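Observations on chain architecture
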Amino acid sequence: MAVGPQGAQQAASAKAARRRWRRPLRYLAGTLLAATLAAILYGVAVWVLGWIPVNAGYKQAARGVAVVVVSNGIHTDFYLPARHPAKDWTRFAPLEDMTRGPREAPYVLVGWGDRGFYLDTPTWDDLSVSTTLAAVFLPTPSVMHLYYHYYLPPPGEACVHLWLRDEEYARLVAYLEAGFRRGDDGAPILLRGRGYTPGDVFYEGVGSYHLFHTCNNWARGALAAAGVRQPVWSPLDGPIFEQLRPAR
């Protein structure tokens, strides 16, 4: 049966419409496939590189400088002596108002992380989807957090007490210091009025937070720089503590 000019035009229009629908569908399918493959590769990298150690021959000192590595399940921090011959943190990065805070606190909690996550999420109830997505998928500014404490948490699965030799502690301190952005006067830049309590304070950080350089990987780098056994790379806290266990 012959098709008239009008029928041929309608068929051509229908065919063109199908092609227009197919393009975004193919694009969506390709995007989903690429995202799935990227997630799988990321997971494989986390698992493989988390098992490969650096400083594999590390042996913990019998005595030395007490350092605690602790995680809340997502974020890794360090407890250090607030005052030590190698570093007096109360002078280098004091509280905004030392008359209100714990001036004689013997320990300081030091951590590096995403600025938005730290400053805009004082509690888990304040966590937003936008902050989470930005921290994971975008390079975002960083901050250093210091919290002065009177006590140390007890050892546990996500809380490891280490004895560092003087030279190991000096390397750890140098790495932590490098996380602070400095002003023209060479002093770290305080973020005024942003602490959660009278006992903690935030300073501007160096480097960006993103999917491949998280707070945990930064902490991993600090321990590796000190000579402690650590994974090659770990954006999560789990491999950090797995590699610390042989050092106990």
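Up top is the structure.
Below is a short write-up of the structure.

Conventions and cut-offs
Residues numbered from 1 in each chain as written. Predicted model: local features only at pLDDT ≥ 70, side-chain atom pairs only at ≥ 80, totals over all residues. Heavy atoms only, no water. Core = buried A, V, L, I, M, F, W, Y, C linked by side-chain atoms within 4.5 Å. Buried < 20%, exposed > 50% of the residue type's maximum accessible area, 1.4 Å probe, protein only. Helix = DSSP H or I, 4+ residues; strand = E, 2+ residues; numbered from the N terminus. Contact = heavy atoms within 4.5 Å. Expected span 1.5 Å × (residues − 1). Arc of directions from axis to C-beta. Phe/Tyr/Trp six-rings, centres within 6.5 Å; stacked < 30°, edge-to-face > 60°. Pairing = 2+ DSSP bridges. Axes fitted to C-alpha atoms, helices over the stretch in contact; angles between N-to-C directions.

Once that is clear, we can look at the nonpolar core. Among the nonpolar cores identified, the biggest contains 39 residues, and Phe78, Leu80, Trp89, Leu146 and Leu172 are the most heavily contacted of them. Among the elements that line this core, the one with the most residues is helix H6 (residues 215-226), at 6 residues. What Leu146 contacts, discounting residues up to four positions off in sequence, is Trp89, Ala93, Val108, Leu109, Val110, Phe180, Gly199, Asp200, Val201 and Tyr203.

This brings us to helix H5 (residues 166-177). When the terminal C-alpha atoms of H5 are compared, their 16 Å separation across 12 residues agrees well with the 16 Å that a helix rising 1.5 Å per residue should span. Taken as a whole, H5 has its buried residues at Glu168, Tyr169, Leu172, Val173 and Leu176. When H5 is viewed along its axis, its buried side chains cluster within an angular range of 135° and face the same direction.

A word on the packing of aromatic side chains. With the rule as written, the count across this model stands at 13 aromatic pairs. Ring centres of Tyr175 and Trp218 lie 5.5 Å apart, and the angle between their planes is 55°; this geometry places the pair in the tilted category. Separated by 43 residues along the polypeptide, Tyr175 in helix H5 and Trp218 in helix H6 bring together distant segments of the chain. On the basis of relative accessible area, Tyr175 is assigned to the partly exposed category, the value being 24%. Accessibility expressed as a relative area gives 5% for Trp218, which makes it buried. Note on Phe212 and Trp233: the rings are 6.2 Å apart at their centroids and 25° apart in plane angle, and the pair reads as stacked. Of the two residues, Phe212 is situated in the loop between strand S9 (200-209) and H6 and Trp233 in the loop between strand S10 (230-231) and helix H7 (238-244); the sequence distance between them amounts to 21 residues. When its relative accessible area of 13% is taken as the criterion, Trp233 is described as buried.

This paragraph deals with the sheet that holds strand S2 (residues 65-71). In a beta sheet, neighbouring strands pair by backbone hydrogen bonds and run either parallel or antiparallel. Read across the sheet, 6 strands follow the order S8-S2-S3-S6-S7-S9 without closing on themselves; strand pairing throughout is antiparallel. The open sheet has two edge strands with one neighbour each: strand S8 (159-164) and S9. Across this sheet, the average inter-strand angle for adjacent strands is 25°, counted without regard to direction. Pairing between S2 and strand S3 (residues 76-81): 4 bridges, direction antiparallel.

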